[in-house]
Amino acid sequence: MPPDPTTPRAGRAGDPPLVSVIIPAYNAAAYIGGALASVFAQTFEDYEVIVVNDGSPDTPALERALAPYDGRIVYVEQENRGPSGARNTAIGVARGRYVALLDSDDEWLPEYLAEQVRMFEAEPRLDMVYADAELFGDSSLAGKTFMEGAPSRGPVTFESLLRYESSIITSGTVARKQALVEAGLFDEAFVRCEDFDLWLRLAHRGGRISYQRRVLARHRAHAESLAADAIRMVEAQVGVLEKSLRLLPLTAAQRELIERQLLNCSAQIDLERGKRHFAAGEYGPAAQALRRANDFYRSRKLRLVLWALRAAPGVLSSVARARRKFSGRRAASGAR
């Protein structure tokens with residue numbers, strides 16, 4: 001029989017739960033109700049829920065959204081320290097052996113915690129597990145899954161994380177609390193890619209990470225998300241990689257891989273800037289940025305675009321507008 005969703009399930013006082021669910025909240029009033037509803041719909045019951053109000057400017061609305069869950073959540077308020085600081089605060093008060101990370105605008109399917117905990121039971125030496133997630137919300141990728149665009153292949157290692165062969169969605173992650181503490185928790189200097197930084201440190205020190213391809217979560221894409229700005233996201237990756245070069249004891253091969261990925265990041269930034277210049281009709285700066293990007297990519301497609309920018313930028317712009325218009329119509333047709 002499914003649990004009664006109106007019954008508190010955070011465990012009795014003095015009886016620590018197995019899992020601590022951690023939800024940082026900043027401008028989260030519009031979405032956090034859905035996140036919490038998905039938690040309290042879990043088939044697994046041995047958990048507590050910790051919501052950290054990270055100095056949110058929408059606190060009155062946030063607290064109204066939390067009111068239906070009064071008595072069933074641990075509510076912590078703090079001055080704004082960013083998502084890393086909010087998660088670190090929650091980990092500090094968490095009583096569970098495992099911490100399950102959930103962003104305030106994401107959701108879990110009912111079997112999420114049961115299936116993630118089952119992985120730990122099957123392999124007790126694991127430090128962290130993650131699952132796939134369906135993308136939903138304001139995005140052309142809605143309906144696809146995270147691993148369709150960023151598949152995980154083979155064992156999760158420091159090197160596979162650097163090569164983006166193991167891409168981890170934070171809201172699909174459950175970890176041993178002690179493993180995160182020993183890895184140094186989240187770096188509060190990072191507002192973006194703070195999770196990537198922690199996964200790298202965890203893997204570098206020998207942490208065991210595994211995954212399942214089953215879709216167990218739902219990840220919201222929307223314009224207000226910190227991940228929505230592609231250039232800032234890649235710039236944050238650069239910061240993480242440079243930190244790894246400075247602070248981690250690396251082999252020559254690991255150092256070479258990071259340096260290669262820094263070049264990759266630089267090319268990604270130039271490619272995105274080239275697209276933005278082109279969309280604004282700034283064909284000269286677009287060509288310069290795309291040429292720098294192609295010094296890394298060596299792409300035939302980019303060479304053709306660069307040729308068209310020199311020969312007939314207006315025609316290329318018209319073709320691009322037509323393609324966007326056609327794609328928009330096709331998406332609208334699919335939505336119906």
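The structure under discussion appears in the preceding block.
Fair warning: this is a prediction, and the values are worked out from it, not measured in the lab.

Looking at this structure, I do not really get the overall build of the protein chain. What am I missing?
Counting secondary structure elements, the protein chain contains 13 helices and eight strands. Per-residue burial for the protein chain yields a buried fraction of 49% across its 336 residues. When contacts within the protein chain are restricted to residue pairs at least 6 apart in sequence, long-range pairs at least 24 apart make up 74% of them.

Can you help me understand helix H1 (residues 32-40) in this one?
Each α-helix winds once per 3.6 residues, and so residues spaced three or four apart point in a common direction. What H1 keeps buried is the set Ile 32, Ala 35, Leu 36, Ser 38, Val 39 and Phe 40. Of the surrounding elements, those touching the buried residues of H1 are strand S1 (19-25), strand S2 (47-54), helix H2 (59-66) and strand S5 (107-108).

So what exactly am I meant to see when it comes to the state of the cysteines here?
Disulfide: a covalent bond connecting the sulfur atoms of a pair of cysteines. Within the structure shown, the criterion is met by zero disulfides. Unpaired in terms of disulfides, Cys 193 finds its nearest cysteine sulfur in Cys 265, a separation of 8.5 Å. Overall, the relative accessible area of 7% leaves Cys 193 in the buried class. By relative accessible area, Cys 265 is classed as buried at 0%.

Explain the pairing of strand S8 (residues 209-221) to me, please; I cannot follow it from the model alone.
Sheet faces and side chains relate simply in a regular strand, where the side chains alternate between the two faces. The pairing of S5 with S8 spans two bridges and is classified as antiparallel. Opposite Trp 108, over in S8, you have Ala 217 as the bridge partner. Relative to S8, strand S6 (residues 128-137) runs parallel, the two sharing ten bridges. Considered in S8, the bridge of Phe 136 is made with Arg 220.

Help me out: how do you make sense of the sheet that holds S1 in this one?
The pairing of strands in a sheet happens through backbone hydrogen bonds and is either parallel or antiparallel. The strand order across the open sheet built from eight strands is S3-S2-S1-S4-S7-S6-S8-S5, with neighbouring strands paired in mixed fashion. Of all strands in the sheet, those bounded by a partner on one side alone are strand S3 (74-78) and S5. Contacts between H1 and the sheet are confined to S1, S2 and S5, with S2 contributing the most and set at about 165° to the helix.

Would you mind showing me how to read the packing of helix H11 (residues 283-297) against helix H12 (residues 300-311) here?
Packed helices, taken two at a time, are described by the angle their axes make and the gap between the axes. Relative orientation of the contacting elements H11 and H12 amounts to 160°, with a least axis distance of 10 Å. Relative to H12, the element H11 lies roughly antiparallel. Of the two elements, H11 crosses H12, and the hand of that crossing is left-handed. Taking contact as the criterion, the partners of Tyr 283, Ala 286, Ala 287, Leu 290, Arg 291, Asn 294 and Tyr 297 in H11 are, on H12, Leu 302, Arg 303, Val 305, Leu 306, Leu 309 and Arg 310. Classifying every residue of the contact of H11 with H12 by side-chain character gives nine nonpolar, one polar and three charged.

Basis of the calculations
- Residues numbered from 1 in each chain as written.
- Predicted model: local features only at pLDDT ≥ 70, side-chain atom pairs only at ≥ 80, totals over all residues.
- Heavy atoms only, no water.
- Helix = DSSP H or I, 4+ residues; strand = E, 2+ residues; numbered from the N terminus.
- Buried < 20%, exposed > 50% of the residue type's maximum accessible area, 1.4 Å probe, protein only.
- Contact = heavy atoms within 4.5 Å.
- Disulfide = S-S within 2.5 Å.
- Pairing = 2+ DSSP bridges.
- Axes fitted to C-alpha atoms, helices over the stretch in contact; angles between N-to-C directions.
- Parallel < 35°, antiparallel > 145°, perpendicular 65-115°, else oblique.
- Left-handed = near helix turned anticlockwise from the far one by under 90°.
- Nonpolar A, V, L, I, M, F, W, Y, C, P; charged D, E, K, R; others polar.

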